[in-house]
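Residue-level listing of the chains:
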Amino acid sequence: AQNKTEDAGSELRPRFDVLEASISEIHDAMRTGSLTARELVQLYLDRIEAYDKQGPALNSIITINPNAPARADELDKVFNDTGMVGPLHGIPVIVKDNYDTGDLPTSAGSLSLAGTFPPDDAFQVQRLREAGAIILAKSNMAEFAFTPYETVGSALPGHTRNPYALNRVPAGSSGGTAAAVAASFGAVGLAVIVFDVLAGHDPADGVTAASLEHRAADYTQYLDPKALRGARIGVMRQWSNREGADAEVIARFEEALADLRKAGATVIDPVTIPEMDDLRESGLWCPRFKWDLNQYLASRGPEAPYASLEAIIASRQFHPQIRPRMERGQAVEEPPDSNPRCIRSIENCELLRAAVRGQLEEHRLDAMVYPTWANPPRLIGDLNTPHGDNSQDLAPGTGFPAITVPMGYVLGNLPVGLQFFGDAWSEPRLIAVAYAYEQATRHRHPPQTTPALDQVPER
């Protein structure tokens, strides 16, 4: 359907259709004079009003930025005077609500922080604004990002719904962002152009200093639809065929492997990491939540409503289901640098990196692949059936990059993803092969629950 708008008279004229619109399409429309940033912001706000708390009621948005239209006006003036300010000029972005925004509340999905403002922007948000992006809204999330299995917290009552099946979760602690972007409430959460803006050195984060040496000049140059020709892709059966894996998901994965071969890749099947089970059992995670949260709360200064995890627990201003995990976090007495579990996790993660690199080198792989989740998203409220989350071991444990693209549908209309995983600093190659697969298959289609708005009156 074609969006339309009223002109000075009573006739309707064609209006830019934001449904599935890409950054390049938006910028092309701005350059031809058929779209302004202010018009674009309003188009997305109209969709949020129509679909987030009404209609399918996705419940994905915690806060709408009241200053977004004014910022769009500023950017339109700059564009008319001197051109675009950066690669994200006028692009409305949905930001997960655990990224600090100095002009908007940041709650991490928790009632304990709801309505409170951090002192400044997170580094990533700062970079987005500098590139010309408009922070349109803050999205719902699993409270304190605790669980990848459902998106529910205490800052926003109720679950976020999957726009492809309203009785199911969007999965992931970032489910609010995923649902909002899938429903075209904003142009992007994260995509390659946004990654190009965000990648780099954050002076407040020493871990990112290595990017000064390894960061690519322009990641968009690796969007090569022919990149799978001659590529070597390893199949991670340890993740695809895990116990309880859904048969339809495995079927989509087998089809994805066939598509990789058809696109010119050599598929090595299987590739195995024998050490994985022992390392997982020994521990790849450090129980540092209390220490990190307390440090973050201190950074928010005297305006922070609570100064510690202990105080938040005492307040009871959080979703009841996370109490056990909060209390386990508070019970950890040793700081990360002296906690035996943390020390062991550092050692195990290094062993995992070596094991992964061993397989990459032995088979001369460009990437490894596996289903992002081995099961479809659960029904809302279901915490008993297999979740199939394959995203919690390899990439977090190694710190190596991974990228997910659509690989088809199960149960009729539920999208499932194919994850490409590679060595440290292999983002250019991962982007290339993932893009080539995406272009060869083109599985993506918008959800039927949030169609284009045929006619939207001007405000």
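Remember, predicted model here, so these are calculated numbers, not experimental data.

Asks: Can you explain the sheet that holds strand β4 (residues 92-96)? Please cite residues and give values.
Replies: As summarised here, the arrangement of the three strands in space is β3-β5-β4, forming an open sheet in which the pairing is mixed. This sheet does not close on itself; its edge strands, each paired only once, are β3 (61-64) and β4. The sheet shows a mean angle of 35 degrees between the axes of neighbouring strands, taken without regard to direction. As paired elements, β4 and strand β5 (residues 134-139) share five bridges and run parallel to each other. Paired with Val 93 across the strands is Ile 135, a residue of β5. Set on the sheet, helix α5 (residues 175-182) makes contact with β3, β4 and β5; between it and β4 the angle comes to about 160 degrees.

Asks: Describe the pairing of strand β9 (residues 402-410), listing the residues and the values that go with them.
Replies: Bridge count for β9 against strand β10 (residues 414-421) is eight bridges, and the pairing is antiparallel. Looking at β10, one finds that Gly 408 is bridged to Val 416. As consecutive antiparallel partners, β9 and β10 are separated by three residues, and within that stretch Leu 411 has a phi angle of approximately 50 degrees, a positive value.

Asks: Lay out the nonpolar core with the relevant residues and their values.
Replies: Grouped together as the largest cluster of nonpolar side chains are 45 residues, with contacts concentrated most on Phe 16, Ile 26, Leu 88 and Leu 128. For this core, the secondary structure elements donating two or more residues are α1 (23-31), α2 (37-51), α3 (68-82), β4, α4 (123-130), β5 and α6 (192-198). For this core, the leading source of residues is α2, giving eight residues. Contact partners of Leu 88, with chain neighbours within four places excluded, come to Ile 23, His 27, Leu 128, Ala 131, Gly 132, Ala 133, Ile 193, Val 194 and Val 197. Core analysis: the next-biggest nonpolar cluster, separate from the first, contains 31 residues, Phe 253, Ala 367, Met 407 and Phe 420 among them.

Asks: Give a description of helix α11 (residues 289-299) that names residues and reports values.
Replies: Among the residues making up α11, those that are buried are Lys 290, Leu 293 and Leu 297. Seen from one end, α11 has its buried residues packed into an arc of 70 degrees, which puts them on one side. Facing away from the buried surface of α11 by more than 90 degrees, the exposed residues are Gln 295 and Ala 298. Of the surrounding elements, those touching the buried residues of α11 are α12 (309-315) and α13 (323-331). Phi turns positive, to about 70 degrees, at Gly 301, one or two residues after α11.

Rules of the game
Residues numbered from 1 in each chain as written. Predicted model: local features only at pLDDT ≥ 70, side-chain atom pairs only at ≥ 80, totals over all residues. Heavy atoms only, no water. Pairing = 2+ DSSP bridges. Helix = DSSP H or I, 4+ residues; strand = E, 2+ residues; numbered from the N terminus. Axes fitted to C-alpha atoms, helices over the stretch in contact; angles between N-to-C directions. Contact = heavy atoms within 4.5 Å. Core = buried A, V, L, I, M, F, W, Y, C linked by side-chain atoms within 4.5 Å. Buried < 20%, exposed > 50% of the residue type's maximum accessible area, 1.4 Å probe, protein only. Arc of directions from axis to C-beta.

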